[in-house]
Amino acid sequence: MLQTDNPVQDLPAGHGHSVASSNSSANAVSVRNVSKNYGTVEALKDLSLEFPKGQLTSLLGPSGCGKTTLLKIIAGLLEPTSGEIEVDGRSVDGPGPDRAFVFQDFALLPWASVLRNVSFGLELRGVAKSEREDIAAKYIADVGLAGFEKSYPHELSGGMRQRVGLARALSVDSDVLLMDEPFSAVDEQTRRKFQEDLLSLVANENKTFIFVTHSIEEAVYVSDQIAILLPRPSRVSDIIRPSGLREKDSRSIRRDPEYLDIVDEIWESLRSYVE
Amino acid sequence: MANRSLFLKLLSAFVVFGAWEIAGRIPVSYAFPTFFESMAALFKMMFDGSLLAAYAETLKPLAIGILISAFLGIAIGLWIGLSGWFDWLFSPIFIVMQAAPLAALIPLLVMMYGIGLTSKVFVVCIMAMPVIVLNTAGAVRNTPSSLTEMGKSFLASKAEVITKIIVPAASPVIFSGLRLGISAGFIGAILSELKITPTGVGDIITYSRSIADYATMYAAIFSIIVLAVLFLNFLEKIEKFFFAGNVRGYASD
């Protein structure tokens, strides 16, 4: 069940477990030889990784493996000790309009309504009030929160709060969406719904997704490419590209033999690092 | 719900004032008037204009002191919270100010600034400012880091991170500092009129006590408490107006 017609056509590396291509035009984000030290502790060591355009790449690994550190370096929130980050072929050294972040704890402004929270990114970019509220209202409806524009975050459930966080990240229309364990603070059923919605988001929006998770099942379910990170110091131990899962209906993926095999294989490679 | 809370407010007022009336009638002390005697004295002062004249005097150091404490206190608190160096330099001053026995410092203030308005404003500030400064600084320091990271990742400038994230995030604790500080400022204003020179409401208290007119004395004390409570309610209205989502109910609702 090798993948034959990849929706992103210019990707040569769509088969089996191959290392991603280094063709920069096909990569939205490139991480080159990045190291990060906290004092004498090496959090990341000489890490290189490519993120293909229009696809979802998961960073998966045991806790303490530096996956969130890597994501924050890509976001420009942390400075790497050495190495560089390229977004769309340009080297970056700070946050930029080409990347938007979805936070694990949602990071919503508790004093602001849903509408103001979603339009906050546009507000910081100097978009006029009526225009940004129109855009925000559209994305609020897209994530299924129409009617809650005037609510405050503390009046919403965890799942709804993360939908607000997602709408905020979508409304600034960045090419790259950085998601830091976005579904880990919501309940299991909401989480499954989010995962299904994420698949259609990847299929419909022409964006690149970088997704940090500690759930093996979640990573295999949603990813085009899974980077396995191992800890102390962090390095990429393997890159897995599920080939036949994208064509499947989102409800049958979990019964697919390839899905089950990859989940097993990843667990075998990680189990010795988990105490 | 609103009716119920109004009913509870009236009920608790009735219980407190009823207990006051009973205690006055026993009487628990010759120096303790009944509730109705005190209210009669209060209305008498209101209508003959002496209360108004007294407040015109008392409100001067109180208003000036509270304005200085609020604006300067929040500004210094922000600075202390944002800069470790400023924290090192200024925090100890306000911690000492908060712990100092104010009554013992008043002779020193009188020696330095005389018996006029300046000394009284100082007393109000010494009472009100430390808690405003320390609360503001603590709240700023404890801004959730994910909120400031969110601001940075959505391209907020340094100034925007402070004005649009840190200050609103700190506002509940800043406002609770203001509430505590302003109540302390009211105490400071009366204290200064009792300890420095008897003017305004402090004069009514001192004079009526000296002629054993306890009803008038308690009426004056009662009026300052009412004024303080009304002012704190007004402060809550301001907070609700600016930061609606932060407010999830207060005891006074």
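Throughout, a residue's number is its position along its own chain's written sequence, starting from 1. Written order determines the labels here, with chains lettered from A and ligands numbered from 1. Totals for whole chains, interfaces and linings use all residues, but because this is a predicted model, local features are given only for residues with pLDDT of at least 70 and pairs of side-chain atoms are given and counted only at 80 or more. The basis for the side-chain values is all heavy atoms of the structure; hydrogens and waters are excluded.

(A) Representation of the overall build of chain B. Only DSSP runs of H or I reaching four residues or more are called helices, and only runs of E reaching two or more are called strands; each is numbered from the N terminus. Counting its regular elements, chain B contains 10 helices and 0 strands. Starting at the N terminus, the α and β elements of chain B follow one another as α-α-α-α-α-α-α-α-α-α. Viewed in the frame of its principal axes, chain B has a C-alpha envelope of about 65 × 55 × 30 Å. With a 1.4 Å probe rolled over the protein chains alone, any residue whose accessible area is under 20% of its type maximum counts as buried; one over 50% counts as exposed, and the rest are partly exposed. Going through the 253 residues of chain B one by one, you find that 43% of them count as buried. The contact definition used throughout considers only heavy atoms, calling two residues in contact when any of these lie within 4.5 Å. Nonlocal contacts in chain B, meaning residues at least 24 apart in sequence, comprise 72% of its contacts between residues at least 6 apart. The method behind every accessible area is Shrake-Rupley, applied with a 1.4 Å probe, and residues are considered shielded solely by the protein chains displayed. Counting only carbon and sulfur atoms, one obtains 74% of the accessible surface of chain B, whose full area is about 13500 Å². Counted charges follow a simple rule, with Lys and Arg positive, Asp and Glu negative, and His plus the chain ends left uncounted. A charge is said to be at NZ when it belongs to Lys, at CZ for Arg, at CG for Asp and at CD for Glu. Distance from the positive charge centre (16 side chains) to the negative charge centre (13 side chains) of chain B: 6 Å.

(B) Representation of the nonpolar core within the structure. Counting 129 residues, the largest nonpolar core has A:Leu198 and A:Ile266 as its most contacted members. Per-element tally for this core: the top contributor is helix H8 (residues 158-195) of chain B, with 11 residues. Sequence-distant contacts of A:Leu198, that is, excluding residues within four places in its chain, are made with A:Leu56, A:Met179, A:Phe183, A:Phe209, A:Phe211 and A:Val222. The term nonpolar core refers to a set of buried residues drawn from Ala, Val, Leu, Ile, Met, Phe, Trp, Tyr and Cys, joined through side-chain atoms within 4.5 Å. By size, the runner-up hydrophobic cluster in this structure holds 7 residues, among which are B:Phe86, B:Phe94, B:Val133 and B:Ala137.

(C) Looking closely at the environment of A:Trp111. In this structure, A:Trp111 sits in the loop between strand S6 (99-102) and helix H2 (114-124). Between the alpha carbons of A:Trp111 and A:His154 there is a distance of 9.3 Å; along the sequence they are 43 residues apart.

(D) Seen up close, the pairing of strand S1 (residues 27-38) of chain A. Residues and elements named next belong to chain A. One ladder, built from 8 bridges, connects S1 with strand S2 (residues 41-52); its direction is antiparallel. Across the sheet, Ser30 pairs through a bridge with Glu50, a residue of S2. In this description, strands pair whenever DSSP reports at least two bridges between them. The turn joining S1 and S2, which pair antiparallel and follow one another in sequence, is formed by 2 residues; a positive phi near 60° is taken by Gly39. The sheet contact formed by S1 and strand S4 (residues 82-87) spans 5 bridges and is antiparallel. In the sheet register, Ser30 faces S4, and the bridge partner there is Glu86.

(E) Summary view of the confidence of the model for chain A. Residue and element names in this part refer to chain A. Scored from 0 to 100, pLDDT reflects the predictor's confidence in each residue. For chain A, per-residue confidence averages 82 on the pLDDT scale, and residues scoring 70 or more make up 91% of the total. By mean pLDDT, the top-scoring element of chain A is H2 (92), and the lowest-scoring one is strand S10 (residues 235-240) (81). Contacts from residues 1-24, a stretch scored under 50 in pLDDT, to residues over four places away or in other chains number 47 contacts.

(F) Inspection of a nonpolar patch on the surface at higher detail. Patch membership requires over 30% relative accessible area and the absence of a salt bridge. Like charges are linked within 9 Å, and nonpolar side chains (Val, Leu, Ile, Met, Phe, Trp, Tyr) within 5 Å. Within this document, salt bridges are pairs made up of a side-chain nitrogen of Lys or Arg and a carboxyl oxygen of Asp or Glu, the two lying within 4 Å of each other. A surface patch of nonpolar side chains, about 540 Å² in accessible area, is lined by B:Phe7, B:Leu8, B:Leu11, B:Phe14 and B:Val15. Within the secondary structure layout, B:Val15 lies in helix H1 (residues 2-25).

(G) Main features of the sheet that holds S10(A). Residues and elements named next belong to chain A. The sheet built from 6 strands is open, its strands ordered S6-S7-S8-S3-S9-S10 with mixed pairing. Looking along the sheet, the strands with just one partner apiece sit at the ends: S6 and S10. Averaged over all adjacent pairs, the angle separating strand axes in this sheet is 20°, with direction ignored. Both strand S3 (residues 56-60) and strand S8 (residues 208-213) contribute to a ladder of 5 bridges, which runs parallel. Looking at S8, one finds that Leu56 is bridged to Phe209. Where helix H5 (residues 188-204) meets the sheet, it contacts S3, strand S7 (176-180) and S8, and its direction lies at approximately 155° from that of S8. Helix axes are fitted to C-alpha atoms over the stretch in contact, other axes to C-alpha atoms as well, and angles between N-to-C directions run from 0 to 180 degrees.

(H) Local environment of the packing of helix H3 (residues 129-142) of chain A against helix H4 (residues 158-171) of chain A. Residue and element names in this part refer to chain A. At a closest axis distance of 9 Å, the pairing of H3 and H4 adopts a crossing angle of 130°. As judged from the angle between their axes, H3 and H4 are oblique. Pair H3 / H4 crosses with right-handed handedness. On H4, the residues touching Ile135, Tyr139 and Ile140 of H3 are Ala167, Leu170 and Ser171. Under the scheme applied here, ten amino acids are nonpolar (Ala, Val, Leu, Ile, Met, Phe, Trp, Tyr, Cys and Pro), four are charged (Asp, Glu, Lys and Arg), and all others, including Gly, are polar. For the contact of H3 with H4, the class distribution of residues is 5 nonpolar, 1 polar and no charged. Here the word oblique covers every angle except those under 35 degrees (roughly parallel), over 145 (roughly antiparallel) and from 65 to 115 (roughly perpendicular). Less than a right angle of anticlockwise turn of the near helix away from the far helix marks a crossing as left-handed, whereas a clockwise turn marks it as right-handed.

(I) Molecular detail of the interface of chain A and chain B. Each partner contributes residues to the interface: chain A has 26 residues there, and chain B has 20 residues. What counts as buried area is the accessible surface, traced by a 1.4 Å probe, that two parts surrender upon association, with contributions from both included. Roughly 2000 Å² of surface becomes buried between chain A and chain B when both sides are summed, with 69% attributable to carbon and sulfur atoms. Here A:Lys72 and B:Glu149 are joined by a salt bridge, their closest N and O atoms 3.1 Å apart. Polar contact is defined as a pair of N or O atoms within 3.5 Å, subject to the rule that within protein one atom must be able to donate a hydrogen and the other to accept it, and that residues adjacent in sequence are counted only when both atoms are side-chain atoms. The tally of links between chain A and chain B comes to 3 residue pairs in polar contact (both at pLDDT 80 or more). When its residues are assigned to classes, the side of chain A that touches chain B shows 16 nonpolar, 3 polar and 7 charged.

(J) Representation of a negative patch on the surface in the model. All names here are of chain A. On the surface, Asp238, Asp261, Asp264 and Glu265 cluster together into a patch of negative charge. Top element by residues in the negative patch is helix H7 (residues 257-270). It accounts for 3 residues. Among the structural elements, Glu265 can be located in helix H7.

(K) Layout of the pairing of S3(A). All names here are of chain A. With 5 of 5 residues buried, S3 is to be regarded as a mostly interior element. Side chains Leu56, Ser58 and Leu60 of S3 all project onto a buried face; the interleaved residues Thr57 and Leu59 project onto the opposite face, where all are buried too. With 4 bridges joining them, S3 and strand S9 (residues 225-230) adopt parallel strand pairing. Within S9, the position partnered with Leu59 by the bridge is Ala227.

(L) Examining the environment of B:Leu178 more closely. All names here are of chain B. Within the secondary structure, Leu178 is located in helix H8. The buried category is assigned to Leu178, whose relative accessible area is 7%. Not counting residues within four places of it along the chain, the set of residues in contact with Leu178 comprises Ala70, Ile74, Ile132 and Leu235.

(M) The sheet that holds S2(A), seen in detail. Residue and element names in this part refer to chain A. Pairing within the open sheet is antiparallel, and its 4 strands lie in the order S2-S1-S4-S5. The open sheet has two edge strands, S2 and strand S5 (90-92), and neither has a second partner. Between one strand axis and the next, the sheet turns by 25° as a mean value, whatever way the strands run. Contacting S1, S2 and S4, helix H1 (residues 67-75) runs over the sheet at an angle of about 120° to S1.

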